[in-house]
Every structure is written in structure tokens, then in C-alpha cells.
Amino acid sequence: MVVQGIKVATTGRNGVGAFILQCKRLEFFYCDWAGSSKGMNTFLRTNLQKFAKANPAIEILVSPRPARHPVIRGHYINGREKAICVKNMKEAQILQKAELLRDANGEKLRRVVKPVKSVNDSVRGIWSPYHKPGGGGMHV
């Protein structure tokens, strides 16, 4: 019996059906009695279940951390992790930070010098205000 390979390769659909969430786990650390964890405790009681239901691909861990400030830590598929201290924040602010960690990709933040990287230079060349159709340069 002869084995034949598939002749049709997968077709790209602009990312539809191929999106992989970069955040694989979020850990919520809190303290039961510290005042700085008041917003985190409220968030855990009211909003965490909705957040977890809306993001089934992310593993959610909640664990106490006595006598420490509350922290949210995100673990990513590239092996990196990011942590954000959420002391004295309201539950809406904590939800924003959790969404920020969820949407991040785990890479270090870098300053963007040129937004587009290209191997080839521009076909049109460098623009200058002295270039004018028909020659002659800029009139002042």
C-alpha cells in the first residue's frame, strides 16, 4: 500500500481560528486582614467568577499571602512572567490590571524607534520639502 501526502496546505484566514492567547495562567495573591487588600478581597468575591467565565483558556489561581500586599502575577507561554502590585486599588482598577496582564504577550517593554522594520529602503526615497513637481524647489 502506497502512502500519499496531502496535496493541499493549510490556507491562511487572517488569524481566524488560529489565535493563541499568550497568557496561560493568572495568580491572585491577597491578605485577609490587611487594609491594602480590601479592593482585592471585594474583587475576588464579586468579579473573579465573571472574569474566569469570560476567559476559559486562562488558568486562575487564588491563594492567600498573609501580611503582604496583594499581587496579580501572569504566566505566559514564552516562559516569562509579569507581576503587578494592586495595593489600595478599587475592584474596577484591579479588573483593568487583570485584563492588562491577560492581553500582554510576556515580552519586555521596549522603546520603539522605528515602528516599521524593513529589509529594503523606501522605493520613493527620502521626502524633503524642497522636492516639488516640475523642479525649482521650495519658494519662500
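Procedures and definitions
Residues numbered from 1 in each chain as written. Predicted model: local features only at pLDDT ≥ 70, side-chain atom pairs only at ≥ 80, totals over all residues. Heavy atoms only, no water. UniProt positions renumbered as here; feature names shortened; annotations may be inferred. Phe/Tyr/Trp six-rings, centres within 6.5 Å; stacked < 30°, edge-to-face > 60°. Helix = DSSP H or I, 4+ residues; strand = E, 2+ residues; numbered from the N terminus. Buried < 20%, exposed > 50% of the residue type's maximum accessible area, 1.4 Å probe, protein only. Lys NZ or Arg CZ within 6 Å of the ring centre and 35° of its normal. Pairing = 2+ DSSP bridges. Axes fitted to C-alpha atoms, helices over the stretch in contact; angles between N-to-C directions. Polar contact = N/O pair within 3.5 Å; in protein donor to acceptor, adjacent residues only side chain to side chain.

- An unreviewed UniProt entry lists the protein under the name Large ribosomal subunit protein mL43, with Amylocarpus encephaloides as the source organism.
- You can read under Sequence similarities (unreviewed entry) in the UniProt record for the protein the words "Belongs to the mitochondrion-specific ribosomal protein mL43 family."
- In the Subcellular location (unreviewed entry) part of its UniProt record, the protein is described as follows: "Mitochondrion".

What about the packing of aromatic side chains?
Okay, step 1: Scanning the entire structure with this criterion turns up one aromatic pair.
Okay, step 2: Taking 5.7 Å as the distance between ring centres and 35° as the angle between the ring planes, the aromatic pair formed by Phe28 and Phe43 counts as tilted. Highlighted residues: Phe28 in strand 1 (residues 23-30) and Phe43 in helix 1 (residues 38-46), separated in sequence by 15 residues. Here Phe28 matches Phe43 in class, with each residue buried.
Okay, step 3: The residue whose ring lies beneath Arg65 is Phe29, and the NZ or CZ to ring-centre distance is 5.9 Å.

Observations regarding the sheet that holds strand 1
Pairing between sheet strands relies on hydrogen bonds along the backbone, with the strands arranged either parallel or antiparallel.
Okay, step 1: Strand order in the open sheet formed by four strands is 2-1-3-4, and the pairing between neighbours is mixed. Each edge of the open sheet is held by one strand with a lone partner, namely strand 2 (59-64) and strand 4 (81-85). Neighbour-to-neighbour, the strand axes of the sheet open up by a mean angle of 15°, direction not taken into account.
Okay, step 2: Both strand 1 and strand 3 (residues 71-76) contribute to a ladder of six bridges, which runs antiparallel.

Description of the side chain of His75
Okay, step 1: Counting through the fold element by element, His75 comes out in strand 3.
Okay, step 2: In this structure His75 comes out as buried when scored by relative accessible area, which is 11%.
Okay, step 3: Within polar-contact distance, the side chain of His75 engages the side chain of Glu27 at 3.3 Å.

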